[in-house]
Amino acid sequence: MGLLSILRNWLFGPPAAEPEPDAPPDRSDAPRQPPSVPDDSHRPRAKSLRVRLTPRRYRGSQRPHVRNIESSKPPYLFAFPTFGGVFLDLSQGGDPTRLEQFGLPKMTTPRDVADWLQIPLGHVAWLTYRFCDSNRPQTPSESHYHFHWSRKRSGGHRLIEAPKTRLREVQSKILREILDRVPAHPEAHGFVPGRSILTNAQPHIGQRFLVKFDLENFYPSVRYSRVVAIFRSMGYSREVAIWLARLTTSLVPTDLPTPGQRPSIALPYFGRHLPQGAPTSPALANLSALGLDIRLSGLARSYGMTYTRYADDLTFSGRGRSAGALREFLPLVQQIIKQERFRINKAKRRIVRNSQQMCVTGVVVNEKQNVSREDYDELKAILHNCVRQGPDSQNRYKVPNFAAHLRGRIAHVEQLNSARGARLLAEFQKIRWPS
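Attention here is on the structure that accompanies the text. Since we're looking at a predicted model, the values are computed, not measured.

### Examining the overall build of the protein
Looking only at helices and strands, the protein has 15 helices and ten strands in total. Burial status across the protein gives 41% buried among its 435 residues. When the accessible surface of the protein is split by element, carbon and sulfur atoms take 52% of a total near 25700 Å².

What follows is the structure, encoded as structure tokens:
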């Protein structure tokens, strides 16, 4: 052994052993097979190799890149100037073929957006805070949203941002004529026409275990830049994508009141984000999680598991053979979620075996879909007390139409268990409602 070989071994370790001639070549791009349990329990287990995931590479359109044209004058009304004082024509670079594929309205400039919305262009600019200092409302009265802090069951507060009448009409049109025409991932069941909590729970019926994740601050984590990219992927020019993104995202005012006068609670909401309460937010959130759904559903299949997502609730299930791979599987899920720019609420991560009650979005899935015993007993007690003491004694949260509220809860039980639903309905019909 020469001096160079000694130094190389000392610095980098001995060289790796050559593979045997008959050994199959290592295919790093081959799909990963779910691990199997060895037949011989006395046989020593091979050391598990650490799996490294590579981030999913986003590829833009294959059409030629269109260079933005610079000019000293605005190419159209309300064009955005650069820091150098020049204007860029961002109306180029759309994909009409993709717009036709989804049946979307064709728009290239802000004027086209205003004509499609059938409102003046200046009014559209006002809805995007174009006339406010720093393009942000300074007070709640200047904002186009009503703000309300709601307490979470698990602790903390959630900001509800309900758009005012004019902006809600604009967002509803964007939802009906643009977002509803772009399909979500097959495993996304929240706020998708034809899907519900029942379709989200059915694939997990009769499985051996459940693994449940919850995404933290799901709507606020979807930022303005990601919404612009969603509209760009539909085929719109950058200019139109910017205007549509501004109409569907929110900026909270600088002096927004917070519970207990704690400004730190509002930090996740100070950047432009999807507002929880806008009609367009669920559809945009589903589209923003498309990459997450693609990667997690593929990972689940490779381990012989099932994956579904309802809004921010991620659910995996599997049979006995997959249970032994959870130690390897869970870090991979967390890594994918982080790479897709979402955050896990670690306090809500759960692993549930079939010896316990397995519940997915409020539906029990141990052997068949059913309502949980706790929910059934609670509703049954409310109805019984309404018969004995009157409905006003049970309306603790001052629900405006308490009868319709109870009838809706009974209908939910009827979908899961018709016999229990019939018993609750018979009790409901005994209630004497005030005239």
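### Notes on the layout of surface pockets
Roughly 2000 Å³ of volume is contained in the largest pocket. Lining the largest pocket are 49 residues, and of these Arg153, Ser154, Arg158, Asp313 and Lys348 lie nearest its centre. The leading source of residues in the lining of the largest pocket is helix H14 (residues 402-416), at four residues. Each residue belonging to the lining of the largest pocket can be placed in one class, and the counts come to 20 nonpolar, 13 polar and 16 charged.

### Considerations on the nonpolar core
Soluble, globular proteins show a tendency: their nonpolar side chains are buried together. Core analysis: the biggest nonpolar cluster contains 80 residues, and Ile178, Leu179, Phe231 and Met234 have the highest contact counts within it. What Ile178 contacts, discounting residues up to four positions off in sequence, is Leu104, Pro105, Met107, Trp116, Lys173, Phe231, Met234, Tyr236 and Leu244. In this structure, Val360, Val365, Ile382 and Cys386 belong to the second largest nonpolar core, which totals 23 residues.

### Side note on the side chain of Ser91
Within the secondary structure layout, Ser91 lies in the loop between strand S2 (87-89) and helix H2 (96-102). At 2.5 Å, the side chain of Ser91 forms a polar contact with the side chain of Asp89. Here Gln92 takes part through its side chain, which lies 3.4 Å from a polar atom of the side chain of Ser91. Ignoring any residue separated from it by four or fewer positions in sequence, one finds Ser91 in contact with Tyr76, Thr108, Thr109, Ser237 and Glu239.

### Focus on empty space enclosed by the protein
Evaluation of the coordinates by the stated rule reveals one cavity of 30 Å³ or more. In this structure, the largest cavity spans a volume of roughly 30 Å³. Residues that form the lining of the largest cavity fall into these classes: two nonpolar, one polar and two charged.

### A short note on the sheet that holds strand S8 (residues 350-353)
Adjacent strands of a sheet pair through backbone hydrogen bonds, lying either parallel or antiparallel. Here we have four strands laid out as an open sheet, ordered S6-S7-S5-S8, and antiparallel in their pairing. Each having just a single partner strand, strand S6 (305-310) and S8 make up the two edges of the open sheet. The average angle at which neighbouring strand axes cross in this sheet is 20°, direction not considered. Here S6 pairs with strand S7 (residues 313-318) via six bridges, running antiparallel. From the neighbouring strand, Thr306 faces S7, where its bridge partner is Ser317. In the packing of helix H12 (residues 326-339) onto the sheet, the strands contacted are strand S5 (209-214), S6, S7 and S8, and the crossing angle to S5 comes to about 25°.

Cut-offs used in this document
- Residues numbered from 1 in each chain as written.
- Predicted model: local features only at pLDDT ≥ 70, side-chain atom pairs only at ≥ 80, totals over all residues.
- Heavy atoms only, no water.
- Helix = DSSP H or I, 4+ residues; strand = E, 2+ residues; numbered from the N terminus.
- Buried < 20%, exposed > 50% of the residue type's maximum accessible area, 1.4 Å probe, protein only.
- Areas by Shrake-Rupley, 256 points an atom, 1.4 Å probe, with all protein chains shown as cover.
- 1 Å grid on protein atoms, 1.4 Å probe; cavity = no way out; pocket = protein on both sides within 12 Å on 5 of 7 lines; lining within 4 Å.
- Points joined across faces, edges and corners; volume = space filled by probe spheres on them.
- Nonpolar A, V, L, I, M, F, W, Y, C, P; charged D, E, K, R; others polar.
- Core = buried A, V, L, I, M, F, W, Y, C linked by side-chain atoms within 4.5 Å.
- Contact = heavy atoms within 4.5 Å.
- Polar contact = N/O pair within 3.5 Å; in protein donor to acceptor, adjacent residues only side chain to side chain.
- Pairing = 2+ DSSP bridges.
- Axes fitted to C-alpha atoms, helices over the stretch in contact; angles between N-to-C directions.

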